[in-house]
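Per-entry structural report
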Amino acid sequence: MSYKAETALGRAVNGIEESLIAVILGLMTVITFANVVARYVFNSNVLWALEATVFLFAWLVLIGASYVVKISGHLGVDVVVRMFSEGSRRRLTLLAGLCCIAYCVLLLIGTWQYWLPFVGKQAWYEVNDIRMPDWLRFIEPILNEGEPYEKLPRFIPYFALPLGMVLLTWRFVEATLKVWKGGSELLIASHEAEEMVEEAAAAGAKGAD
């Protein structure tokens, strides 16, 4: 489903979201490929590759969740909702949207409370294998009392948690407002999914012939 941001803030969030997804996918591909080459060609190993890929995958999942809300790509079952009249269906969808927003706000509060100590009393916590890049050492006097980091501080990869929840909350607010204004009927892509299943079944039947 095509998406067009209606506000400057929406365009900014959209740009950040899509740029991060593209960069993360690219980094995961390059790191994984380099590690495979190192292991099977040079009989070596990129020590930090696995940890970096795990963190990048977490970022991808959390940001990707909001992206899929944006394009109404989350799958759902609308059998019960479709039994109601158009007005009642709209009210139920708005209620579902509000529930999603409330849930996301609770997750946002929880992830923020979990992440915040890592830039405070626990700022000295480091990851296991990823070395601290030199271009980030300007944060050491600010957060680590001038002590150098040997490995990447955990608050950097863990920032995916509050960021992902902020984006997800924003997207559900946006999607609910779209239903309120009459620009959309549901929050899910149930009919797109049905069409995809039908196309897959037709392709399978054609292949069997």
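The structure under discussion appears in the preceding block.
1. Observations regarding the pattern of salt bridges
When the charged atoms of two side chains with opposite charge come close together, those side chains can pair. In total, this model carries six salt bridges according to the counting rule given. Of the charged contacts, one joins Glu-17 and Arg-171 as a salt bridge, the two residues approaching to 3.0 Å between their closest N and O atoms. Of the two residues, Glu-17 sits in helix H1 (residues 8-40) while Arg-171 sits in helix H6 (residues 160-180), which places them 154 residues apart along the sequence. Just as Glu-17 is buried, Arg-171 falls in that class too. Measuring nitrogen to oxygen at the nearest pair gives 3.1 Å for the salt bridge that ties Arg-137 to Asp-134. For Asp-134, a relative accessible area of 61% gives the class exposed. A cluster of three or more residues bridged by salt bridges with shared partners is formed by Glu-17, Glu-18, Lys-70, Arg-171 and Glu-174.

2. Side note on a nonpolar patch on the surface
Taken together, Val-36, Tyr-40, Val-41 and Phe-42 make up a surface patch of nonpolar side chains, about 500 Å² in accessible area. Within the secondary structure, Tyr-40 is located in helix H1. On the basis of relative accessible area, Tyr-40 is assigned to the exposed category, the value being 67%.

Cut-offs used in this document
- Residues numbered from 1 in each chain as written.
- Predicted model: local features only at pLDDT ≥ 70, side-chain atom pairs only at ≥ 80, totals over all residues.
- Heavy atoms only, no water.
- Salt bridge = Lys/Arg side-chain N within 4 Å of Asp/Glu carboxyl O.
- Helix = DSSP H or I, 4+ residues; strand = E, 2+ residues; numbered from the N terminus.
- Buried < 20%, exposed > 50% of the residue type's maximum accessible area, 1.4 Å probe, protein only.
- Patch = residues over 30% accessible without salt bridge, like charges linked within 9 Å, V, L, I, M, F, W, Y side chains within 5 Å.
- Areas by Shrake-Rupley, 256 points an atom, 1.4 Å probe, with all protein chains shown as cover.

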